[in-house]
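What follows is each chain in one-letter form.
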Amino acid sequence: MAISKKKLVLLIAMVVVVFLVFVVISDNTYTPDYLIIADDDHPVSAEYASALEFATASNYAGTMVNIEKRAFKACYALVKALEKQGIVVNVSDGFLDDPKDDHGTGLGIDLVISKDEKWLDEPDELLAETEAFETIHALLPEYGFIVRYPEGAESVTGHGYEPWHIRYVGKEAAREIADRGITLEEYVR
Ligand SMILES: [Zn+2]
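By convention here, each chain's residues receive numbers from 1 onward along its written sequence. Restriction of local features to residues with pLDDT of at least 70 applies here, the model being predicted, together with a cutoff of 80 or more for giving and counting side-chain atom pairs; totals for whole chains, interfaces and linings are based on all residues.

Draft legend 1. Examining the overall build of the protein chain more closely. Strands are runs of DSSP state E lasting at least two residues, helices are runs of H or I lasting at least four, and both sets are numbered from the N terminus onward. In terms of regular secondary structure, the protein chain is built from eight helices and seven strands. Exposure in this text rests on C-beta crowding, where 20 or more other C-beta atoms within 10 Å of a residue's own make it buried, 12 or fewer make it exposed, and counts in between make it partly exposed. The C-beta atoms are placed from the backbone. The buried share of the protein chain, taken over its 189 residues, is 29%. In this description, any two residues whose backbone-derived C-beta atoms lie within 7 Å of each other are considered to be in contact. Put simply, 58% of the contacts in the protein chain that link residues at least 6 apart link residues at least 24 apart.

Draft legend 2. Up close: the nonpolar core. For this analysis, nonpolar core means a set of buried Ala, Val, Leu, Ile, Met, Phe, Trp, Tyr and Cys residues linked through C-beta atoms within 7 Å. Core analysis: the biggest nonpolar cluster contains 34 residues, and Ala71, Cys75, Leu111, Ile113, Leu140, Phe145 and Ile146 have the highest contact counts within it. Those elements that provide at least two residues to this core are strand S2 (64–68), helix H3 (69–84), strand S3 (89–93), strand S4 (108–115), helix H5 (130–139), strand S6 (145–147), strand S7 (165–168) and helix H7 (171–180). Residue contributions to this core peak at five residues, all from H3. Residue contacts for Cys75: discarding those within four places in its chain leaves Ile67, Val91 and Ile109.

Draft legend 3. Structural detail: the environment of Glu186. Along the chain, the position of Glu186 falls in helix H8 (residues 184–188). Taking the C-alpha atoms as reference, Glu186 lies 9.3 Å from Thr157; in sequence the two are 29 residues apart.

Draft legend 4. Focus on the pairing of S2. Any two strands with at least two DSSP-identified bridges between them are counted as paired. When strand S1 (residues 54–58) meets S2, the two strands line up antiparallel, connected through five bridges. Looking at the pairing, Phe54 lines up with Glu68 of S2. Counting the residues between successive antiparallel strands, the hairpin from S1 to S2 contains five residues, one of them, Gly62, with a positive phi of roughly 85°.

Draft legend 5. Seen up close, unusual backbone geometry. Despite not being glycine, Asp116 has its phi angle at roughly 50°, a positive value. Here Asp116 shows up in the loop between S4 and strand S5 (118–120). A positive phi angle, close to 60°, is found at Glu117, a residue other than glycine. With respect to the secondary-structure elements, Glu117 resides in the loop between S4 and S5.

Draft legend 6. How the structure looks around the environment of Asp93. Take Asp93: it is sitting in strand S3. For Asp93, a count of 20 C-beta atoms within 10 Å puts it in the buried group. Here the alpha-carbon distance between Asp93 and Leu111, two residues 18 residues apart in the chain, equals 7.6 Å. Excluding residues that lie within four positions of it along the chain, Asp93 makes contacts with Val65, His103 and Asp110.

Here it is in structure tokens:
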């Protein structure tokens, strides 16, 4: 079938319009996969990472931290809620450019705790803060977070207990994961 020049121009114009509409729509419906798993067997794709929209803030150590924007907003609200309960927390790590790590999702966050005017940011210091983490973990689902590497789930997650590493999954998933006492892996399976 022969296509006239006029028809061809029209066709190209239509393709451009469709593309533009697609770009606008996809921007308005920005929804990263909040249940994404990043590990050795499931590296995060370059498409996923490049589509992430970040919020950036300076942390307790003066380091700039990037966190996916909805996770950031939720984390900010969590920090404020904990402050009211007398627990001062901050963030040590958010997004890290590692496709095989939960931090590569932009949704994983490491917390640090302020105690006696000192920031506790070493694993052994944080593991000793069982009482503070009990309070922190109880609040997580309300803000859409879970403990990404819970105690006793190493065979499922491949990680030992990390009470400081929280992960944004959205409120619905967070509530169910907490209520059932399961991991993100078991939830998405
Ligand atoms: Zn972490």
